Amino acid sequence: MQKEEFDFTHEVFRQLIAAPGRPLAALRAELLLSEAELAAALAGLTQCGLVHRHAVTGEPLPVTPEAALARLFEQEQQYNAERTARLQQLQTTLAAIDARLTSAPGLAEPALGSGSELIVGEAEIGASLESATARARKEILSMHPGRPRSPAQLADGMRRNHELLDRGVGMRTLQLDAMLRVPHGRAHLRALEEAGAEVRIAPVLPFRLIVVDGIQAYAAAPSPDDRQAAVLMTDPRVVEVLCRVFEHFWVHGAKLPDNEPPAPADDPLTERERALLRMLFQGMKDDAISRSLGVSPRTLRRLLTDVMAKLDADSRFQAGARAMARGWLTEE
């Protein structure tokens, strides 16, 4: 029953209750209904049990108001039950469609936090990286904090780097300036540049990171045991954030110098010492600072002693405060 038909059917019923026995012609004229509309309304009321015909005259007679109320309430309950059933069926259909879309590749947007995998073990990380870089087509970004790796480790990495560069894959790498203070580290960075990679150095880097073609990212992660661990991330939004982190340090990195530039006459601190003071001033612990600078705890203690002597400071906090007061820690 359409809405308009529903409206005038109920109006016909109200008029029949208000004036039983009223001539149908008068009812039709008052409600401005055609003969067909009135006949349809009476048929609908009869079907719903709200009107019955007089056994002799055939005149339409409404049921009592009490019976009409009960009948209308029953019909409303039936209508709501049917509507609830239709809504449940629709919900089931939509859930099935959503499941199909979610499983279809390229159609569903990944949920935040999906697309990550923890890889534990040096061999397992190496195998995953080998597979990812073998499929690289555009560019590899890498960031390497911590102490310089051994000559054997650097040589193994150089083999993969040459394979990538020979295929035309771009490469940008950020290294700690600690690499320049060991002969094999300096030689490795020079060899990278000569092979076609872009190399920059920084006094401090936050974590080890490798990004492949802007779609896969490997980042160092805490391990449940003493083995190396990395998180492989493929969520586009997470990878984009990590690329922005890399670009920030890349912009602030420096190209390879022939030798470490001397400090200005009015600033006796080297870049590494300035980075050390920044981390001290931020409240970082010694083990975190030594990892960030790529030095051993023993070397860190020697650096602290040298810095405090240069600043004529009796404590670490005093050294940081004096360097800040002289404007030596304002550059980021």
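Quick caveat: nothing in here was measured; it's all calculated off a predicted structure. (Residues numbered from 1 in each chain as written. Predicted model: local features only at pLDDT ≥ 70, side-chain atom pairs only at ≥ 80, totals over all residues. Heavy atoms only, no water.)

Undergrad: Would you explain the nonpolar core in this entry?
TA: Counting residues in each nonpolar core, the largest one holds 25 residues, and the members touching the most others are Ile140, Leu189, Leu192 and Tyr218. Those elements that provide at least two residues to this core are α5 (122-134), α6 (151-166), α7 (183-195), β6 (198-202), β7 (209-212) and β9 (229-233). Each residue touching Tyr218, except ones within four places of it in the same chain, is listed here: Ile119, Ser128, Leu129, Ala132, Arg208, Leu209, Ile210, Val231 and Leu232. (Core = buried A, V, L, I, M, F, W, Y, C linked by side-chain atoms within 4.5 Å. Buried < 20%, exposed > 50% of the residue type's maximum accessible area, 1.4 Å probe, protein only. Helix = DSSP H or I, 4+ residues; strand = E, 2+ residues; numbered from the N terminus. Contact = heavy atoms within 4.5 Å.)

Undergrad: What exactly am I supposed to notice about the packing of α6 against α7 here?
TA: Angle between the axes and distance between the axes are the two parameters that describe a pair of packed helices. Where α6 contacts α7, the axes come no closer than 11 Å and their chain directions differ by 5°. Considering their axes alone, α6 and α7 lie roughly parallel with respect to each other. Contacts between α6 and α7 pair Pro151, Leu154, Met158, Asn161, His162 and Leu165 from the former with His184, Gly185, His188, Ala191, Leu192 and Ala195 from the latter. (Axes fitted to C-alpha atoms, helices over the stretch in contact; angles between N-to-C directions. Parallel < 35°, antiparallel > 145°, perpendicular 65-115°, else oblique.)

Undergrad: Mind showing me how you'd approach the packing of aromatic side chains here?
TA: Centre-to-centre distance and the angle between the planes together describe a pair of aromatic rings. Tallied over the entire structure, the rule returns 1 aromatic pair. Aromatic side chains Phe246 and Trp250 sit 5.7 Å apart centroid to centroid with 20° between the ring planes, which places their arrangement in the stacked category. Taken together, the residues span about one helical turn, with Phe246 and Trp250 both in helix α8 (residues 236-252) at a distance of 4 residues. Per residue, the accessibility class of Phe246 equals that of Trp250, and both read buried. A cation over a ring is seen here: Arg172 above Trp250, with NZ or CZ 5.2 Å from the ring centre. (Phe/Tyr/Trp six-rings, centres within 6.5 Å; stacked < 30°, edge-to-face > 60°. Lys NZ or Arg CZ within 6 Å of the ring centre and 35° of its normal.)

Undergrad: Looking at this model, I keep getting lost on the side chain of Asp177. Mind explaining?
TA: Its location among the elements puts Asp177 in the loop between β5 (170-176) and α7. Since its relative accessible area comes to 9%, Asp177 is described here as buried. If we skip the residues at most four places from it in the chain, Asp177 touches Ile201, Ala202, Pro203 and Arg272.

Undergrad: How should I be thinking about unusual backbone geometry in this particular structure?
TA: Trans peptide bonds make up most of the peptide bonds, and negative phi angles are found at most residues other than glycine. Positive phi outside glycine occurs at Asp213, with the angle close to 55°. The topology assignment puts Asp213 in the loop between β7 and β8 (216-220). Judged by relative accessible area, which is 19%, Asp213 ranks as buried.

Undergrad: I keep staring at the packing of helix α9 (residues 271-281) against helix α11 (residues 297-310) and nothing clicks. Help me out?
TA: At a minimum axis distance of 11 Å, the contact between α9 and α11 shows a crossing angle of 95°. The angle between α9 and α11 falls in the class roughly perpendicular. For the pair formed by α9 and α11, the contact residues are Arg272, Glu273, Leu276, Leu277 and Leu280 on the first element and Leu300, Leu303, Leu304, Asp306, Val307 and Lys310 on the second. Of the residues contributing to the contact of α9 with α11, the split by class is 7 nonpolar, no polar and 4 charged. (Nonpolar A, V, L, I, M, F, W, Y, C, P; charged D, E, K, R; others polar.)

Undergrad: Teacher, can you tell me more about α5 here?
TA: The first and last C-alpha atoms of α5 sit 18 Å apart over 13 residues, in line with the 18 Å expected at 1.5 Å per residue. Of all the residues in α5, the buried ones are Ile125, Ser128, Leu129, Ala132 and Thr133. For α5, the angular spread of the buried residues around the axis is 125°, confining them to a single face. The secondary structure elements touched by the buried residues of α5 are β3 (116-120), β4 (139-144), α6, β7, β8 and β9. (Expected span 1.5 Å × (residues − 1). Arc of directions from axis to C-beta.)

Undergrad: Can you help me understand the pairing of β5 in this one?
TA: As a general feature of sheets, a regular strand has side chains that alternate between the two faces. Extensive coverage of β5 is indicated by the burial of 6 of its 7 residues. In this sheet, β5 lies alongside β4 in parallel orientation, the contact comprising 6 bridges. Within β5, the residue paired with Ile140 across the bridge is Met171. Where β5 and β6 come together, 5 bridges link them in parallel fashion. Across the sheet, residue Thr173 finds its bridge partner in β6, namely Val199. Taken together, β5, α7 and β6 form a β-α-β motif whose crossover is right-handed. (Pairing = 2+ DSSP bridges. Right-handed = clockwise from strand over helix to strand, strands pointing away.)

Undergrad: How should I be thinking about the side chain of Ser128 in this particular structure?
TA: Position of Ser128 among the secondary structure elements: in helix α5. With residues near it in sequence (within four places) discarded, Ser128 still touches Ile119, Tyr218 and Leu232.

Undergrad: Is there a simple way to think about the pattern of salt bridges in this case?
TA: Working definition: two side chains of opposite charge can pair if their charged atoms are close together. One pass over the full model with this rule turns up 10 salt bridges. Glu130 is paired through a salt bridge with Arg160; the nearest N and O atoms lie 3.7 Å apart. Highlighted residues: Glu130 in helix α5 and Arg160 in helix α6, separated in sequence by 30 residues. Between Glu193 and Arg190 there is a salt bridge, and its shortest N-O distance comes to 4.0 Å. Within this pair, Glu193 and its partner Arg190 are both found in helix α7, separated by 3 residues, close to a single helical turn. Judged by its relative accessible area of 33%, Glu193 falls in the partly exposed class. Linked by salt bridges that have partners in common, Glu130, Arg159, Arg160 and Glu163 make up one network. (Salt bridge = Lys/Arg side-chain N within 4 Å of Asp/Glu carboxyl O.)

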